[in-house]
Structure formats: C-alpha cells, structure tokens
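For reference, the chains in residue letters:
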Amino acid sequence: MAAACVRRAVLSQSWSRFRCSGGRWSSTGRGQYGILVTSECVEAKPSAFWCVCVCVCVCVCVCVCLAFSLFSRSDEDKKDEAQQKEDELILLLKKAKLSIYRDQFPAASGFLHQAAVLAHQTKNNQAIIYTYLLMANLAYVQGQLDNAEKLFKAAMSFMLSGGTPEEDNAVIEMSLKLATIYAEQNKAELAEHGFRFCTESLEAKLEKELPAEEQTEETGALRKETRLLLGLCLDSRARYRASKRRLIQAEQDYQSALDICRQEQGDTHPQTLVLMSDLATVVDLQGRHDDALALVQRAVDLSRSVGHPDQHVLLGNLAGILLHAGRTDDSVRLYKEALVLARGAGDQEAVDRIWEGLEEVKKRRNQETTEEENAQK
C-alpha cells in the first residue's frame, strides 16, 4: 500500500529544498561552499639604536626584511595549503554525489569518509555537518537505519553546539528523519514524540505573524519554507499512522498536508496530486469507495493534463480503488495502462505492485465465478 511507504515521503524532493541555516554552505566571503580561509597579518617592527654604527643598522634592516619575507612566504604557504584542502574536499563531495546519482553506493561511502576526515582536519564545522548529512542519507536509503540514526544525531549535535536554535527548520527536518527511522524500527514512542515535536514546533513558528512593516521578501520565503516543511511532516506522519491502521488520524494529516501543498505549490503540482491519491487510498480503506474514487479520479485527470512523472502510480491507485468498488473490468484496463507506463519509466517497484493488483483481480473473478456456480446448484 502506498500509504505504508514511509521512506519515500521523507526522501521525496518534490516539496522544496530546505535551507540549512545553522550549517549552510555559503560562498560569500568564504570561498566555494563556505570553507573559510584566513590569513594572519604579521607585523615586523625592527628596533634600531641611535648609537650603533650605520653598518650595523644596515645589517639589522636586512635581517628584518629577510624575516618579514620568510613570514610572508609562510603565510602564503598556509593560504595555498588551506586552498588545496578546500579544493580536495569539494572534489570528494562532488565525486560522492555523482556516485550516489549513479547508485554506486560503496564508492560514494568511500568518498564521504575521506571528506569527513578532511573536514575534521580543517576543523570546518559546516563541512562536517554537510558531509554527515550526506552520509546519513546514504545509509538511510541503503536500509542501514542504526548507522543513519547515529549520523543524523552527530550532524544535529554539531549544529546545536554551533549555535543553531532547536526550532530552526534544518534541525526540525533532521528530527523528522529521525522520527521516520524510529517508525521503521517499530519504536512507536520515539516515533510519536518525534513527529509531535516537528509538527508542534512548526505550527508555533507559523503562529508568530510579523507586523506588516517588518515583513520582507526573505521572511516571506522563510514562511513558505516553514509551511512546506510542516506539510512534509504531516505527510510523513500520515503514512506512519496509515501503516498502523489509524486511518482517521491518517486522513486528517493527509488532508492538512494537501491543503498546504495546494496553497503553496498549486493544484497541479506533482506533490499535490500524489497527496490527493494517498488521501484517496486512506479513504478507500475506510470503505468510502465513492469518496475515494472522486479524489483519485481528479488526481489522475490533472496528472494527464500536466504530464505527471508518476502518472503510473496514480493510475495504479485508481485501478485498486475501482477493484474494491467492484468494477473489475475498469480496474483491469487501468492496471494494464499503468503497467505500460511503469515499464517505460523503469519503475520496477510499481511494476511489481501492479502485477499484485492484477493477481487480486484474478482471485476476485475466480471467487465470483465460484459463488455463481454455487448459487445455481
């Protein structure tokens, strides 16, 4: 069931890319990716005595000039060494991200461990945080939940010790990932606490409306970011609650997330349509097939009009709900259409789910045939 797939919700990038304000990589005045290179100003103050001969004075001046030259050269060497390490760190991170993109996870892990060592050697907290986050996400997608948990906690510790407030969006986003990890580990109490912390912290931030004279373009962008992050939290909690068959609570969270996404992203945004489909799935599980059909049909119609990248997923959900409503012929037709699209998209997971749906159709038809035969006897 789509609602039980917690991991997809957290890793989805459709909502927005959230700024990491405590560990933000900035290029302003810090070199690329915010690695700060400093130079020390060395002052040479030659002392001279009025009573010494001119020859000694000349020697002293020469010696001082030579010393100044050596200090300056040392300073330049430090600059060059720092720049060299910065370039090496950036290259390692680029290689890691490229390896992740190519699904070459062992290679990516090796690059990231090298980057972490270099970041610690240069004592660059921002680089450490960024590298730990990449390592945590890599561990997470590979199912290494314990390792991912430790890395997310380490990154959060560096952020908080560096002065990032607990209610910062970047901290809340990491808390959300930890809550999702606890959900997958069946640590219900920790998961519930994590989801509650995230939603309540964001709702409290949004309740603090700035006076009109203090509102700027930047504060407006931050407010939108905060609302989208709240939507992501609600979406993730809805999936968790649906997996625990707490369907009414899941429906409430999905509806709230959908309202936020519609307001901030628009009716035809890919994430809006996915949320609409997921909400329909939860409604269908409560036996309200007609309401569910209206929702998912709307999502499919909009997805066709805008060319949704996951249209095959929406069609598969529609086919499943039609099957539950007893419309097996329509269900088969849409399953087959979804299967073609899923194969074209290279989505093997969706292909497998669609085949499971077709098998369910087959069982349903066999059951109906058996019931008809028994009724005629």
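Check the entry above for the structure.
Everything quoted here is computed from the prediction, not taken from an experiment.

(A) Region of the structure containing the overall build of the chain. Of the regular secondary structure elements, the chain holds 14 helices and 0 strands. Going from N to C terminus, the chain has its helices and strands arranged as α-α-α-α-α-α-α-α-α-α-α-α-α-α. Out of the 377 residues belonging to the chain, those deemed buried represent 40%. Across the chain, contacts joining residues at least 24 apart in sequence account for 62% of those joining residues at least 6 apart. For the chain, the exposed area adds up to about 20800 Å²; of that, 52% sits on carbon and sulfur atoms.

(B) Layout of the side chain of Lys-177. Tracing the sequence through the fold places Lys-177 in helix α6 (residues 169–184). The side chain of Lys-177 is buried and forms no salt bridge, while Glu-173, the nearest opposite charge, is found at 4.3 Å. Of the polar contacts made by the side chain of Lys-177, one reaches the side chain of Asn-137; its length is 3.1 Å.

(C) Spatial organisation of the nonpolar core. By size, the foremost hydrophobic cluster in this structure holds 89 residues, and its most contacted members are Leu-112, Tyr-132, Phe-152, Met-174, Phe-195, Leu-318 and Ile-354. Considering every element that reaches this core, the biggest residue donor is helix α4 (residues 125–141), with 11 residues. The residues touching Ile-354, leaving out its near neighbours within four places in the chain, are Tyr-335, Ala-338, Leu-339 and Ala-342.

(D) Expanded view of helix α5 (residues 145–161). Look at α5: 24 Å from first C-alpha to last across 17 residues, which is about the 24 Å you get at 1.5 Å a residue. What α5 keeps buried is the set Leu-145, Ala-148, Glu-149, Leu-151, Phe-152, Ala-155, Met-156 and Met-159. Where α5 terminates, the next one or two residues include Gly-163, which has phi positive at roughly 105 degrees.

(E) Layout of the packing of aromatic side chains. What the rule picks out here adds up to 2 aromatic pairs. Considering the side-chain rings of Tyr-132 and Phe-158, the 5.9 Å spacing of their centres and the 75 degrees angle between planes classify their relative orientation as edge-to-face. With Tyr-132 in helix α4 and Phe-158 in helix α5, this residue pair connects regions lying 26 residues apart in the sequence. Given a relative accessible area of 14%, Tyr-132 falls into the buried group. Seen from their ring centres, Phe-195 and Tyr-240 are 5.6 Å apart, and the 35 degrees between their planes marks the pair as tilted. One end of the pair, Phe-195, is in helix α7 (residues 188–207); the other, Tyr-240, is in helix α8 (residues 217–243), and 45 residues separate them in sequence. Note on accessibility: Phe-195 and Tyr-240 belong to one class, buried.

(F) Representation of the pattern of salt bridges. In the structure shown here, the tally under the stated rule is 16 salt bridges. The salt bridge involving Arg-239 is made with Asp-235; its shortest N-O contact spans 3.2 Å. Taken together, the residues Arg-239 and Asp-235, both in helix α8 and 4 residues apart, mark about one turn of the helix. Both residues of the pair, Arg-239 and Asp-235, count as buried. Across the pair Arg-365 and Asp-329 runs a salt bridge, and its minimum N-O distance is 2.7 Å.

(G) Inspection of the environment of Leu-334 at higher detail. Tracing the chain through its elements places Leu-334 in helix α13 (residues 328–345). Judged by relative accessible area, which is 5%, Leu-334 ranks as buried. Separated by 18 residues in sequence, Leu-334 and Gly-316 place their C-alpha atoms 7.0 Å apart.

(H) Structural detail: unusual backbone geometry. Even without a glycine there, the phi angle at Asn-186 is positive, about 60 degrees. Looking at the element boundaries, Asn-186 is found in the loop between α6 and α7. Overall, the relative accessible area of 58% leaves Asn-186 in the exposed class. The backbone phi angle of Arg-245 is positive, close to 65 degrees, even though this residue is not glycine. In this structure Arg-245 comes out as exposed when scored by relative accessible area, which is 52%.

Conventions adopted
- Residues numbered from 1 in each chain as written.
- Predicted model: local features only at pLDDT ≥ 70, side-chain atom pairs only at ≥ 80, totals over all residues.
- Heavy atoms only, no water.
- Helix = DSSP H or I, 4+ residues; strand = E, 2+ residues; numbered from the N terminus.
- Buried < 20%, exposed > 50% of the residue type's maximum accessible area, 1.4 Å probe, protein only.
- Contact = heavy atoms within 4.5 Å.
- Areas by Shrake-Rupley, 256 points an atom, 1.4 Å probe, with all protein chains shown as cover.
- Lys, Arg positive; Asp, Glu negative; His and termini not counted.
- Salt bridge = Lys/Arg side-chain N within 4 Å of Asp/Glu carboxyl O.
- Polar contact = N/O pair within 3.5 Å; in protein donor to acceptor, adjacent residues only side chain to side chain.
- Core = buried A, V, L, I, M, F, W, Y, C linked by side-chain atoms within 4.5 Å.
- Expected span 1.5 Å × (residues − 1).
- Phe/Tyr/Trp six-rings, centres within 6.5 Å; stacked < 30°, edge-to-face > 60°.

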